[in-house]
Amino acid sequence: MEGISSNTVRIGDLDLRFLVDETQGSGDLVMFEFTVPPQARVPAPHFHRDVDEVVYGLEGTLTMTLDGDRRELHSGEVIFIPRGSVHHHENLHEQAARALVVLTPGSIGRRYFEEIAAAVNVPGKPDLAQVREIMLRHGLIPA
């Protein structure tokens, strides 16, 4: 696709541009830029078994729900999501939202997102059992 580089994974309307992934360095972290268009479909609520997540707002407003508490993440703000905390992201606004996401350790990396993209970016509805299996295999637990 034009404008999408080889380090970008597209899942539905979401773009993830990887800056550091599990194939680089020691695997201590994964870092990507996360772009969520207005009213985009976003991941279902889940938690990470073994990974902490930090989300730093770059542009627009990302609405995040963390353990049932809905928060707006604006440019220059940060939210820490400790492992075991149920969360999901959405963009309820009219402008695209961009955030920098860091996962540590880097066990949920580009490979996970590529597998999810292959399962979700299909004609018709995705096979939710397959999506769940991919999530569980990579340490994400649907809530």
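Right above here is the structure, for reference.
Rules behind the numbers
Residues numbered from 1 in each chain as written. Predicted model: local features only at pLDDT ≥ 70, side-chain atom pairs only at ≥ 80, totals over all residues. Heavy atoms only, no water. Helix = DSSP H or I, 4+ residues; strand = E, 2+ residues; numbered from the N terminus. Rg over C-alpha atoms; globule rule 2.2 N^0.38 Å. Buried < 20%, exposed > 50% of the residue type's maximum accessible area, 1.4 Å probe, protein only. Pairing = 2+ DSSP bridges. Core = buried A, V, L, I, M, F, W, Y, C linked by side-chain atoms within 4.5 Å. Contact = heavy atoms within 4.5 Å. Phe/Tyr/Trp six-rings, centres within 6.5 Å; stacked < 30°, edge-to-face > 60°. 1 Å grid on protein atoms, 1.4 Å probe; cavity = no way out; pocket = protein on both sides within 12 Å on 5 of 7 lines; lining within 4 Å. Points joined across faces, edges and corners; volume = space filled by probe spheres on them. Nonpolar A, V, L, I, M, F, W, Y, C, P; charged D, E, K, R; others polar.

On to the overall build of the protein, then. Per the secondary structure count, the protein includes 2 helices and 11 strands. Going from N to C terminus, the protein has its helices and strands arranged as β-β-β-β-β-β-β-β-β-β-α-α-β. Taking 2.2 N^0.38 as the reference for a compact globule, 143 residues should give roughly 15 Å; the C-alpha atoms of the protein span a radius of gyration of 14 Å, in line with that estimate. Once the C-alpha set of the protein is aligned to its principal axes, its extents read approximately 30 × 30 × 30 Å. Looking at the protein as a whole, 42% of its 143 residues qualify as buried.

Here strand β6 (residues 61-66) runs beside strand β7 (residues 69-74); their pairing, made up of 6 bridges, is antiparallel. Within β7, the position partnered with threonine 63 by the bridge is glutamate 72. Taking the residues between adjacent antiparallel strands as the criterion, β6 and β7 are bridged by 2 residues, where aspartate 67 takes a positive phi near 50 degrees.

Attention shifts here to the nonpolar core. Among the nonpolar cores identified, the biggest contains 33 residues, and Phe32, Leu62 and Phe113 are the most heavily contacted of them. Those elements giving two or more residues to this core turn out to be β1 (8-11), β2 (14-20), β3 (30-36), β6, β8 (78-81), β10 (97-104), α1 (110-120) and α2 (128-137). Take this core: its biggest share by element is 6 residues, from α1. Ignoring any residue separated from it by four or fewer positions in sequence, one finds phenylalanine 32 in contact with Leu16, Arg17, Phe18, Leu19, Ala99, Leu100, Val101, Leu103 and Phe113.

Here we come to the packing of aromatic side chains. Applying the stated criterion across every chain, the model contains 5 aromatic pairs. Their ring planes at 65 degrees and their centres at 5.3 Å tell us that phenylalanine 32 and phenylalanine 113 sit as a pair that is edge-to-face. Taken as a pair, phenylalanine 32 in strand β3 and phenylalanine 113 in helix α1 lie far apart in primary sequence, 81 residues in all. Taken together through their ring pairs, the aromatic side chains of Phe18, Phe32, Phe34, Tyr112 and Phe113 make up a single cluster.

A separate point is the layout of surface pockets. The computed volume of the largest pocket comes to approximately 640 Å³. As for the largest pocket, its lining consists of 30 residues, of which Ile11, Val42, Pro43, Ala44 and Ile116 are closest to the centre. Looking at the lining of the largest pocket, the elements with two or more residues in it are β2, β3, β4 (46-48), β9 (87-90), β10, α1 and α2. Taken together, the residues of the lining of the largest pocket sort by class into 20 nonpolar, 5 polar and 5 charged.

No statement about biological role is implied by the geometric values presented.
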